[in-house]
Amino acid sequence: MEHIRTTKVEQVKLLDRFSTSNKSLTGTLYLTATHLLFIDSSRRETWILHHHIAAVEKLPLTTSGCPLVIQCKNFRIVHFVVPRERDCHDVYNSLLQLSRTAKYEELYAFSYNPKQNESEQVKGWQLIDLAEEYKRMGVPNDYWQLSDANRDYKICETYPRDLYVPRTASKPIIVGSSKFRSKGRFPVLSYYHKDKKAAICRCSQPLSGFSARCLEDEHMLQAISKANPSNRYMYVMDTRPKLNAMANRAAGKGYENEDNYSNIRFQFVGIENIHVMRSSLQKLLEVSGTKGLSVNDFLSGLESSGWLRHIKAVLDAAVFLVKAIAVESASVLVHCSDGWDRTSQVCSLGALLLDSYYRTIKGFMVLIEKDWISFGHKFSDRCCQLDGDPKEISPVFTQFLESVWNLMEQFPQAFEYNEAFLLQIHEHVHSCQFGNFLGNCQKEREELKLKEKTYSLWPFLLDEQKKYQNPLYSPDFSPELTLLEPNTVSFNFKFWRNMYHQFDRSMHPRQSVYDLIMNMSEQNKQLEKDIKELEAKIKQKNGQPDAVILKEHQQSAHPAPVALKTPPCFKKEQPLIPVNDAVRTIEGSNTADNRYSEFMEEFSKAEPAVVSLEYGVARMTC
Amino acid sequence: MDLSRFTAQHPPPAPPPCTRLRWRNSALHSSAIENHTEIQGKSLTVTRTSGEQFAELIKTPRADNAVLHGPRCPAVRGTLCLTGHHLIFSSRRKEGGEELWLLHANIDCVEKRFVGSLGTIVIKCKDLRIIQLDIPGMEECLNIASSIEALSTLDSITLMYPFFYRPMFEVVEDGWRSYLPEQEFELLSSVTDEWRLSCANKDFSVCPTYPPVVIIPKCIDDEALRKVAVFRYGGRFPVLSYYHKKNGMVMMRSSQPLTGTNGRRCKEDEKLINATLRPGKRGYIIDTRSLNVAQQARAKGGGFEQEVYYPQWRRIHKCIERFNILQESLIKLVEACNDQSHNMDRWLSKLEASNWLTHIKEILTAACLAAQCIDREGASVLVHGSDGTDSTLQVTSLAQIILDPRCRTIRGFEALVVREWLQAGHPFQLRCAQSAYSNTKQKWEAPVFLLFLDCVWQILRQFPCSFEFNEQFLIMLFEHAYASQFGTFLGNNENERSKLKLTQKTMSLWSWVNRSEELARFKNPLFEANSLVIWPSVAPQSLQLWEGVFLRWNRPSKFLDEAQEEVLNIINYNRELQAKVNALRRQLAELETDDRMQENLTDSTPVRAPWLRGSVDLNENPLLPS
């Protein structure tokens, strides 16, 4: 609280991000310990969590006041104009302080209280149980076992305690292999394919330099290939571009030499590193944030940002992995440099393509817990939870979500969850409101006592899962759907407007088929219930020993509803269902949302009172 | 995920009896497809009657053992037949009758190549599909290729299929009489009496590209009209395009005024367009050319309205590209879409280089501007470019879709196409002579109408519940504009159509479309009449490639189709349940009414209206609004 120099500023203008005429809303700005809040004159509230703020910028003073631009990690960009420079300066400085947290304990998750009691909190953390998940995959089994080598994080600090390794990999092999791998991240099981008996394993790059070898590591890989009775060859996928991997050799790292390892097939798949990804996203946002953007500038910006190329590269890598397993029944070892960014992307997407469980709501949570959280994707660094090295920030997890979204576009019925689910997870990865994504690895999380001091996100998402359910989901409509075979031809990848412009409402379709169908299938459930109730009531009525009524009823019930005469009390069909309001909200829209011409800006008169304009959108209920 | 395309797509049409090959030319109409023996019977007769014209063009009418490679289908071996108007391929399989019927008119370009004595013909169609035929025997192959080439580029319109086609369905409604200007005027005169029908052009002498009757301000007599026609390019004087009931504002369209370099004026022209203004109000002239182009036009005798003579009008220039620039754009776009080997950068740069989406944005922006002037500014609008037959029509028709809910219904949209495209004299015959694969690049070929349909699709995507029709309807119109068994899109204007006697000699597309069997395929299940003005977003992030047309033959759509089906199932199930709940509720109410009556008979307590209790009970039902 000591950072807050001013808690309330009045007469602040919120500018429309894309308007060329500086259209704005006037209202009051509040600063709280956790949020920035703007309430405009029509009482509409905009809440911005301090942790979501990626950058605050004070622009040069203008005649109308001092502009303040806030960029958020969830891609919201707000542009305020504060009338007095001093206020602006105060808000700016406060936000700078508030958005930069030095210690984990100052994060929102440690103060967030969702009114759960302790046992609920504990139960919430137990919701996702990875031991249970490995059991579901079918391990331990004859080939794979749980290793206690990392029980105390002695071998690898950034791995979880429980690791699954081939039965034939003895402790000395594990220890030796881990010493030959960057950050000690030796090959372990990520996913086991029961039917094919093939495994996805993950690790970091070997410390091979130009010629170093390590017998234990070679044994380790051999153990993995031997643990697969269906195919003794295994693939080693280096997810980096070959050039990067070669450059690493000079630093004593590198990649596996096929001559030293028996039965491996080595493959580069060329996903760029975190720095390339960071600047790619930055370029993408620059382009998409341009006022009065032309189609060609948008497309060439999209191209030069390289963003979609990177998404395609990630999915292509996952497709390669899946082919190795599904077609050749071969196990695959995946690594990049440290094995926590690209490796997480490829392993988790591969599993998602192979196993329909990960396409359920619960399964997706498990997947994120397993391949991202437990295996030490550095959420804290990558999402800049604490004030740290800006070079560590990278949208690696966002790319994973975007890849999943692309799959959802290609297979609309294969996923139990919807786009809103992905967006909500993205929101909370950055919000620091729940404990799940805090810290960089499990060891750190245990030290922070997150399970006692914070809450898990997943039970909250499950509670509101109705919002995240895909109404078209069909778990078993097609057996071939267990395995998804996406088509990664370039034109299948689209700009994810609902992610990068989720707060720019004027760009979205005004009516959403998806919402409509979602509401409708919700309504269908209600109707089914009502039918049962009504039938029960009618049955009850008919149960009355009254011959006349019985006769009446038979007449009306049997010759089907068509034969029903309208009783005197129903002059008109009863209007159906209040849900309808939600289902059938028809929207027109506001010209002012759309910039058809600079000329338009001359049209600054008040909106004619044709329809009640709310949020710049006309609502009509029928 | 983006589901909007599902609305637009449709319940896949009921599969014809022989469905394994789904690439039947949809220009063949479906009742004919469903009874293909009859079709064969008929096409045989056609070949016979028109035999003289076509026999010499068909040197090899039949090739056995040909192999057909269709888009996304395994190769099929079978027999190829050429008739006067169709290329027919039937697989060898006796049962199942896999057949492809392709209208020659749908063929945009034919390429042939040889490997040994095996010839291959690649046929590229105007609907953008590409098929490949392997034909054994060099001579047969050459003959067939040259026949196809000749048959697909017939010079005489009267030799085209619509003049031979006999419908296999019962004509309930003659589409040629469905949307007459007189009917449109009747609708108009019920809300305003400031306009009149003029028959000055009944012999097409005033303006050869206008229909015989047009709607003009009441205060302008035919004599003045003739003078205005002389002042406007091609005689296209300003006529009423749209009347906005909400505020009485109008949209007119015309061609450029012939001011020339010395600034000619025409008082009648000024009077005509001023007649649409309310006292003291200003109007807007939307010129679909850039200021530069408009100024250059003066050197060729054209020009634009000058402020001095039109002080009450404000001119806005909104540049929309024309002719070969658009055709080039289409060619580049289709080329980009057809090459699946492009990496991401190449695909995006090709998409950009095609400029297609830029044109979409330009057209939509101009249309929104016109609509905005009318609805938000309460001003009348005159739209023109140079000829008033292309970009002008794109703008006026799209503005109506934005403003007028009627244009978003099936019949309303058909009326719009008739009024603003066919009767307004968009030269379909010239513009749609060739599509994306044409080698002979002619100046007059341009996908003006396709761009219009694409713009409609963009709006449909943004307002998926506000249109009675779906994406399939738009795709169907695209196909028929380029190749059809119907006469609707033949000719360049009403003058030509009347000379061709299309109404007597050919069938109207609308006669077929407006039958309930066909309409079912084109209806949007999510449609809920929306009486509001719908303003689309024209931000590049909101515009999308129309996959239903441009990627239609390039990507498998199985999963998308199935999802679409599921959407339909949910909607239909919802309707079923609602009907059932209503029926049950009525039944319950009836029972309760009877209860009451019984009580009243036996009980002598003061009578309460039975329906009161009934409705109270109903209100307890959680389903009803409290």
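Residues numbered from 1 in each chain as written. Chains lettered and ligands numbered in written order. Predicted model: local features only at pLDDT ≥ 70, side-chain atom pairs only at ≥ 80, totals over all residues. Heavy atoms only, no water.

As recorded in an unreviewed UniProt entry, chain B goes by the name Myotubularin-related protein 9, listed as coming from Cairina moschata. The record held by UniProt for chain B lists under Sequence similarities (unreviewed entry) the comment "Belongs to the protein-tyrosine phosphatase family. Non-receptor class myotubularin subfamily." (UniProt positions renumbered as here; feature names shortened; annotations may be inferred.)

Looking up chain A in an unreviewed UniProt entry gives the name Myotubularin related protein 6, with the organism given as Cairina moschata. In its Sequence similarities (unreviewed entry) section, the UniProt record describing chain A reads: "Belongs to the protein-tyrosine phosphatase family. Non-receptor class myotubularin subfamily."

The step from Val139 of chain A to Pro140 of chain A runs through a cis peptide bond, and the omega angle for that step is 0°. Within the fold, Pro140 of chain A resides in the loop between α3 (130-137) and β8 (144-147). The phi torsion at Lys501 of chain B lies on the positive side, around 55°, for a residue other than glycine. (Helix = DSSP H or I, 4+ residues; strand = E, 2+ residues; numbered from the N terminus.)

To characterise two packed helices, one gives the angle between the axes of the helices and the distance between these axes. All names here are of chain B. Running from N to C, helix α10 (residues 323-338) and helix α11 (residues 344-354) point in directions that differ by 165°, and their axes come no closer than 8 Å. Regarding the angle of α10 to α11, the classification is roughly antiparallel. Between α10 and α11 lies a crossing whose hand is left-handed. Here Ser329, Lys332, Leu333, Glu335, Ala336 and Cys337 of α10 come into contact with α11, specifically with Trp347, Lys350, Leu351, Ala353 and Ser354. Grouping the constituent residues of the contact of α10 with α11 by class yields six nonpolar, two polar and three charged. (Axes fitted to C-alpha atoms, helices over the stretch in contact; angles between N-to-C directions. Parallel < 35°, antiparallel > 145°, perpendicular 65-115°, else oblique. Left-handed = near helix turned anticlockwise from the far one by under 90°. Contact = heavy atoms within 4.5 Å. Nonpolar A, V, L, I, M, F, W, Y, C, P; charged D, E, K, R; others polar.)

This part covers the UniProt feature "domain: Myotubularin phosphatase" (unreviewed entry) in chain B. Using the residue numbers shown here, the UniProt feature "domain: Myotubularin phosphatase" (unreviewed entry) corresponds to residues 175-550 of chain B. Secondary structure over residues 175-550 of chain B splits into 45% helix and 9% strand, and the C-alpha atoms at its two ends are 29 Å apart.

Pairing geometry for strand β12 (residues 283-287) of chain B and strand β13 (residues 313-317) of chain B, over five bridges, is parallel. From the neighbouring strand, Ile285 of chain B faces β13 of chain B, where its bridge partner is Arg315 of chain B. (Pairing = 2+ DSSP bridges.)

In this section: the nonpolar core. Counting 269 residues, the largest nonpolar core has Phe364 of chain A together with Phe413 and Phe550 of chain B as the members making the most contacts within it. Broken down by element, this core gets its largest block of residues, 14 residues, from helix α9 (residues 307-328) of chain A. With sequence-adjacent residues up to four places away left out, Phe364 of chain A is seen in contact with Leu352, Tyr357, Tyr358, Phe400, Leu401, Val404, Tyr417, Phe421, Leu422 and Ile425 of chain A. Counting residues in hydrophobic clusters, the runner-up holds 30 residues, among them Ala200, Ala224, Phe237 and Leu382 of chain B. (Core = buried A, V, L, I, M, F, W, Y, C linked by side-chain atoms within 4.5 Å. Buried < 20%, exposed > 50% of the residue type's maximum accessible area, 1.4 Å probe, protein only.)

Residues and elements named next belong to chain A. As summarised here, the arrangement of the five strands in space is β10-β11-β14-β12-β13, forming an open sheet in which the pairing is mixed. The two strands at the open ends of the sheet, each matched to only one other strand, are β10 (188-193) and β13 (264-268). Along the sheet, successive strands turn relative to each other by an average axial angle of 20°, direction set aside. Inspection of the sheet shows strand β12 (residues 234-238) paired to strand β14 (residues 331-335) by five bridges, in the parallel sense. Residue Met237 lies in a different strand from β14, and its bridge partner there is Val334. Together, β10, β11 (198-203), β12, β13 and β14 form the strand contacts of α9, whose direction differs from that of β12 by roughly 175°.

Residue and element names in this part refer to chain A. With antiparallel pairing, seven strands are arranged side by side in an open sheet as β4-β3-β2-β1-β7-β6-β5. Strands at the two margins of the open sheet, each flanked by one partner only, are β4 (45-49) and β5 (53-58). Neighbour-to-neighbour, the strand axes of this sheet turn through a mean angle of 30°, independent of strand direction. Both strand β1 (residues 8-15) and strand β2 (residues 24-31) contribute to a ladder of six bridges, which runs antiparallel. From the neighbouring strand, Val9 faces β2, where its bridge partner is Leu29. Relative to the sheet, helix α1 (residues 85-99) contacts β1, β2, β3 (35-40), β5, β6 (66-72) and β7 (77-82), its axis offset from that of β5 by approximately 155°.

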